[in-house]
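# Residue-level structural notes
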Amino acid sequence: MNLKLAGFAGDSIVDGPGIRFTTFCQGCPHHCPGCHNPETWPFEGGFEVTAEELLAHVKRNPLVRGVTFSGGEPFAQAAAHAETARLLKAAGYEVASYTGYTFEQLLAEGDPDRMALLESLDILVDGPFIQDQCSLTLRFRGSANQRILNVPKSLAAREAVWETRERWVGGEY
Ligand code: SF4
């Protein structure tokens, strides 16, 4: 199953700790006012890549240790992102994803493909972008309502558990 992307960045430093490979998927249902990537909203357009092709792109930069799925809405293409995340993790990369849904919404919905994506992630930055809560001092988050969650711990507890590692949540810039 192919990923449908609007683009990717091979050397991002704003979507997680260290140098990361970030994908921007095509299509988002949330339409948050003030969104920085409105060109990713339409589900039409973009280009397609397989998980294997994406892994090959990631491997081109030996400094990359982690991959972040960004928006658009990665959970709108949950099966393809889950397959990609499994491949990336098997190759030794830490995998994070943004989503406009909350962890609680995803858990309550229980969609098998979305649960499979959650089960393939290390980190989830959840919740919509809320302009009134926007701050440029938040690390890896656009607005204060968004949370940086440790996904394995959150799934085990069946409730949102914040990531505690310093490199993810080491305070404000
Ligand atoms: S979820 Fe992300 S990509 Fe989608 S509208 Fe909100 S800020 Fe933009």
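Note that the coordinates shown come from a computational prediction; the quantities given were computed from them, not determined experimentally. (Residues numbered from 1 in each chain as written. Predicted model: local features only at pLDDT ≥ 70, side-chain atom pairs only at ≥ 80, totals over all residues. Heavy atoms only, no water.)

Our focus in this paragraph is the packing of aromatic side chains. This model, assessed by the stated rule, comprises 3 aromatic pairs. Taken together, a centroid distance of 5.5 Å and an interplanar angle of 70° make the contact between phenylalanine 140 and tryptophan 168 edge-to-face. One end of the pair, phenylalanine 140, is in the loop between β6 (123–126) and β7 (147–150); the other, tryptophan 168, is in helix α6 (residues 166–169), with 28 residues separating them in the sequence. You can call phenylalanine 140 buried: its relative accessible area is 6%. A connected cluster of aromatic rings, assembled from ring pairs, spans Phe8, Phe21 and Phe47. (Phe/Tyr/Trp six-rings, centres within 6.5 Å; stacked < 30°, edge-to-face > 60°. Helix = DSSP H or I, 4+ residues; strand = E, 2+ residues; numbered from the N terminus. Buried < 20%, exposed > 50% of the residue type's maximum accessible area, 1.4 Å probe, protein only.)

Time to look at the layout of surface pockets. Which parts of space are left empty comes out when a probe the size of a water molecule is rolled across the atoms. The computed volume of the largest pocket comes to approximately 750 Å³. Around the largest pocket, the lining is made up of 32 residues, and of these Asn37, Ser70, Tyr98, Gly142 and Gln146 lie nearest the centre. A class-by-class count of the residues in the lining of the largest pocket yields 15 nonpolar, 14 polar and 3 charged. (1 Å grid on protein atoms, 1.4 Å probe; cavity = no way out; pocket = protein on both sides within 12 Å on 5 of 7 lines; lining within 4 Å. Points joined across faces, edges and corners; volume = space filled by probe spheres on them. Nonpolar A, V, L, I, M, F, W, Y, C, P; charged D, E, K, R; others polar.)

Below, the discussion takes up helix α1 (residues 51–59). One full turn of an α-helix is made of 3.6 residues, so residues set three or four places apart face in the same direction. Inspection of α1 places Ala51, Leu54, Leu55 and Val58 among the buried residues, and these make up the whole buried set. Taken end-on, α1 shows its buried residues confined to a sector of 100°, consistent with a single buried face. Elements in contact with the buried residues of α1: β1 (3–12), β2 (20–25), β3 (47–49), β4 (66–70) and α2 (78–90). (Arc of directions from axis to C-beta. Contact = heavy atoms within 4.5 Å.)

This next bit is on the pattern of salt bridges. Applying the stated criterion to the full structure yields 8 salt bridges. Glutamate 94 is the partner of arginine 20 in a salt bridge, and the nearest nitrogen-oxygen pair spans 3.0 Å. Of this pair, arginine 20 sits in strand β2 while glutamate 94 sits in strand β5 (residues 94–98), and the two are 74 residues apart along the sequence. The residues arginine 20 and glutamate 94 share a single accessibility class, namely buried. Residues arginine 165 and glutamate 94 are paired through a salt bridge, measuring 3.4 Å at the closest nitrogen-oxygen approach. Taken together, the positions of arginine 165 in the loop between α5 (151–157) and α6 and glutamate 94 in strand β5 put the pair 71 residues apart, joining distant regions of the chain. Judged by its relative accessible area of 11%, glutamate 94 falls in the buried class. (Salt bridge = Lys/Arg side-chain N within 4 Å of Asp/Glu carboxyl O.)

Tracing the chain through its elements places aspartate 126 in strand β6. In terms of polar contacts, aspartate 126 uses its side chain to reach the backbone amide nitrogen of phenylalanine 103, at 2.8 Å. A distance of 2.5 Å separates the side chain of aspartate 126 from the side chain of arginine 147, its partner in a polar contact. Those residues in contact with aspartate 126 that lie beyond four places of it in its chain are Thr99, Tyr101, Thr102, Phe103, Glu104, Asn145, Gln146, Arg147 and Leu149. (Polar contact = N/O pair within 3.5 Å; in protein donor to acceptor, adjacent residues only side chain to side chain.)

On to the environment of histidine 57, then. Within the fold, histidine 57 resides in helix α1. Taking the C-alpha atoms as reference, histidine 57 lies 11 Å from valine 67; in sequence the two are 10 residues apart. Leaving out residues up to four positions away in the same chain, histidine 57 has contacts with Phe8 and Phe21. Polar side-chain contacts of histidine 57 include one of 2.7 Å to the side chain of arginine 60.

Moving on to the nonpolar core. Most often, soluble globular proteins have nonpolar side chains that are buried together. With 31 residues, the main nonpolar core has Phe69, Phe75, Leu88, Leu118, Leu121 and Leu124 as its most contacted residues. When contributions to this core are tallied by element, the ones reaching two or more residues are β1, β2, α1, β4, α2, α3 (103–109), α4 (112–119) and α5. If we skip the residues at most four places from it in the chain, phenylalanine 69 touches Thr23, Pro74, His81, Thr84, Ala85, Leu88, Val95, Ala96, Ser97, Tyr98, Leu117 and Leu121. (Core = buried A, V, L, I, M, F, W, Y, C linked by side-chain atoms within 4.5 Å.)

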